[in-house]
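# Coordinates in review
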Amino acid sequence: EITGILKQLGDEMNKDLTDATAEENNAIHIYEALMAAKKKELASLQSQIEVEMTRLGNLGVEIAAMENDLEDTSLAKVEDEKFKKELAAGCATKTAEWEEVKRTRSEELLALAETVKVLND
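Presented here is a report on the structure given in the accompanying data block.

Moving on, we get to the pattern of salt bridges. Per the counting criterion, the structure on display carries seven salt bridges. For Asp 19, the salt bridge goes to Lys 15, with nearest N and O atoms at 3.4 Å. Note that Asp 19 and Lys 15 are positioned in helix H1 (residues 2-120) at a spacing of four residues, about one turn of the helix. According to the relative accessible area criterion, Asp 19 is partly exposed, its value standing at 38%. The class for Lys 15 is exposed, based on a relative accessible area of 54%.

All right, on to a nonpolar patch on the surface then. Among the surface-exposed residues, Ile 2, Ile 5, Leu 6 and Leu 9 lie close enough to one another that they form a single nonpolar patch of about 410 Å² accessible area. The class of Leu 9 is partly exposed, set by a relative accessible area of 44%.

Conventions used here
Residues numbered from 1 in each chain as written. Predicted model: local features only at pLDDT ≥ 70, side-chain atom pairs only at ≥ 80, totals over all residues. Heavy atoms only, no water. Salt bridge = Lys/Arg side-chain N within 4 Å of Asp/Glu carboxyl O. Helix = DSSP H or I, 4+ residues; strand = E, 2+ residues; numbered from the N terminus. Buried < 20%, exposed > 50% of the residue type's maximum accessible area, 1.4 Å probe, protein only. Patch = residues over 30% accessible without salt bridge, like charges linked within 9 Å, V, L, I, M, F, W, Y side chains within 5 Å. Areas by Shrake-Rupley, 256 points an atom, 1.4 Å probe, with all protein chains shown as cover.

Given below as structure tokens:
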């Protein structure tokens, strides 16, 4: 009877060991699957970080270029406004000179017409 009990205990222990081993193997498999998924997620996130860092760097370069363009454009605008004022003043002077030329020419033509009239009479 003792050998039967020992055999039964041995069988139960073997069954418990088999169950525990199967459970442990299942846990190992789940752990390995979880680690693989996490490694894949980590690689994806690292790739995304690299993309964002590159994008951030490019945006910084673009911002610097735009600031330089703004500065250049502002300086060009000031120069253009100065040129516009000079051009307006020059146009006013030329307009006045042209009006004087037209008036003088008109007077000369009138004088010539009167001279021709006097000479014809």
